[in-house]
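Chains, contacts and geometry: an overview
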Amino acid sequence: MALIRYAVIIIGLGWLGLWRASTIRKRLKQLELFEHALSLLDTEIFWGMTPLPVAFRRLQRIGFPWGNFFLSVAEGLEAGGQIEETWREVVAAQKSYFCLTAEDWELVNRLGGCAGRSDRHEQHKQLMLIRNQIQGTEETQRVDAERQARMWSYFGFLGGIAVVIAIL
Amino acid sequence: MGLKVAEKWFGHDLWDCLVKAEAHLVKTNENPEEIRLRIGCPLLVRTASQDFFVAANGRLVEPEAAYRVKESDISQVMERVTLSSMHAAEESLRQGFVTLPGGHRVGLAGEAVLEQGCIRTQKNIAAVNFRIARDPQSDISFLLRQVALNSQGFPHTLIVSPPRAGKTTLLRLLVRSLSNGAPEVALPPHRVGVVDERSEIAGMWQGAASFDLGWRTDVLDKCPKKLGIEMMVRTMSPDIIAVDELGGVEEVEAVKEAARCGVKMLATCHADSIGDLTARSVIKPLLDTGVFQKAVVLSRRRGPGTLEKVHRLGNGQFEVRGSLVRDSKCP
């Protein structure tokens, strides 16, 4: 019986470690996808002069979770919502589907604050600025993230073993 | 069609007034045509024959007691009609109107921003005119008999009227009939090209037409008439090209050129009568060359779309050779 209890502790903490590691990897992937979405949005705004609801609907193709995020914003705007308010509501409703940090959300919300508020040249500049910041975050995080993810995958199991030893 | 069509485009405060006003407007038996917003001025709903000032409780009152439009009301309308996309509305702001789904139009007046002598955009929008579009399905076969029956096919036709007298509506009805054909008057179907510079004829919104213009109609949206007419002739091989509000020298030249290419023209023009039309220096040369063979004159005498006269025009001859139809109500 005790053996089963110890196994559960090790597997449980090990699973937590793996979950944390996958969160770190997913965050980077989600930032990459957001940056890709911004490049598509830039094309829609600058070259297509596409209204935001239509442009956001077209971003569905980038897949979950950003595709759903932009679709919800598009639906909010089509229902007569204002961009900043709609953006805030969708972020609050869908935050749990993402693995982003508070700093990342600050960047995401910056888009909600400036999208559609100026002419296409100004929009292009704003989008480029946010993209550059995301690329900067990605570069600094890429090496760290892999190291941290590996650490967390071991950490869970080792922590579980340490707890079992402490109990013994 | 009531005010309901405007619900999506107004902020809460304004819509609250308008939705309450709807019940009072119904009693007047008149269709609202325009909703006028001017910062600091009373909220105004305009029907075919009257102006109504609307109070915060929806009652139709004197201007002094009416709801005063706030700056925030206008900015909410702007955000909604541009779909929070100022970048996509640049051209609309420059031209002073936004077209909405359903063909409704929002006229805008603010502060013009000039660049090299041309209007680049508008800022500080202070006045909004929400114009409610209607798509009447009137039977115009009696008019087609007068206009369209001609041994050489459909004649070059000009629709003449002062503003708000139904010329665009009549143009739309004629385009639909010409495109689908009208067996009852032995009118065969035609390929029709519409050059819709102000998105008023087809009410195009995101590539889809708000109004039915027939099965053989191609629409070139938001394109200057001169370029559009040339493009249509070259690319879509139309039998007839329809344009709204002829007025520029270049447009007149393009019309003449298209007519020389064997394409029939259907156009509208602002004027009170044929006499006034001939006094317009830009249009007169077009009449002098005898391009247009028929002119339909509309007025608001008995409401929008009152058909005053159908004139036959000849080379430099503008006089009425017979009032073919008079006092009929058209669209």
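Structure: above.
Residues numbered from 1 in each chain as written. Chains lettered and ligands numbered in written order. Predicted model: local features only at pLDDT ≥ 70, side-chain atom pairs only at ≥ 80, totals over all residues. Heavy atoms only, no water.

Here's the deal with helix α7 (residues 249–260) of chain B
Residues and elements named next belong to chain B. This is how it is decided: Put simply, DSSP H or I for four residues or longer makes a helix, DSSP E for two residues or longer makes a strand, and each gets a number counted from the N terminus. Multiplying 1.5 Å by the residue count of a helix minus one yields the expected span of that helix. Relative accessibility under 20% of the residue-type maximum defines a buried residue, over 50% an exposed one, and the middle range a partly exposed one, all with a 1.4 Å probe and only protein chains included.
In a regular helix each residue adds 1.5 Å, so 12 residues correspond to 16 Å; α7 covers 17 Å between its end C-alpha atoms and thus fits that length. Within the sequence span of α7, burial applies to E251, V252, A254, V255, K256 and A258. Following α7 by one or two positions, G262 adopts a phi angle in the positive range, close to 90°.

What about helix α1 (residues 12–27) of chain B?
Residue and element names in this part refer to chain B. We apply this condition: One axis is fitted to the seven residues ending at the residue and one to the seven starting there. The bend at that residue is the angle between these axes. Throughout, a contact is declared for two residues whenever any of their heavy atoms are within 4.5 Å.
Compared with the 22 Å implied by 1.5 Å per residue over 16 residues, the 24 Å span of α1 between its first and last C-alpha is a close match. Largest kink in α1: about 35°, centred on A21. Within α1, burial applies to L14, W15, C17, L18, A21, H24 and L25. Along its buried surface, α1 packs onto β1 (32–38), β2 (44–47), β3 (51–54), β4 (60–61) and α2 (71–81). Of the residues trailing α1, N29 is marked for its positive phi of about 60°.

Considerations on the interface of chain B and chain A
Quite often, the size of an interface is put as the accessible area lost when its parts meet. The criterion, for reference: Put simply, a salt bridge is a Lys or Arg side-chain nitrogen that is within 4 Å of an Asp or Glu carboxyl oxygen. For this classification, Asp, Glu, Lys and Arg are treated as charged, while Ala, Val, Leu, Ile, Met, Phe, Trp, Tyr, Cys and Pro are nonpolar and the rest, including Gly, are polar.
With 13 residues of chain B at the contact, the number on the chain A side is 20 residues. In this structure, the connection of chain B to chain A is made through 1 salt bridge. The salt bridge partner of A:D119 is B:R120, with a shortest N-O separation of 2.9 Å. Broken down by element, the residue count for the side of chain B that touches chain A peaks at 3 residues, all from α2(B). For the side of chain B that touches chain A, the class distribution of residues is 3 nonpolar, 5 polar and 5 charged.

As for the pattern of salt bridges
Residue and element names in this part refer to chain A. Counted according to the given criterion, the structure contains 28 salt bridges over all chains. E35 is the partner of R131 in a salt bridge, and the nearest nitrogen-oxygen pair spans 3.2 Å. With R131 in helix α6 (residues 120–167) and E35 in helix α1 (residues 2–46), this pair connects stretches of sequence that are 96 residues apart. When sorted by exposure, R131 lands in the same class as E35, which is buried.

The analysis is restricted to geometry; functional conclusions fall outside its scope.
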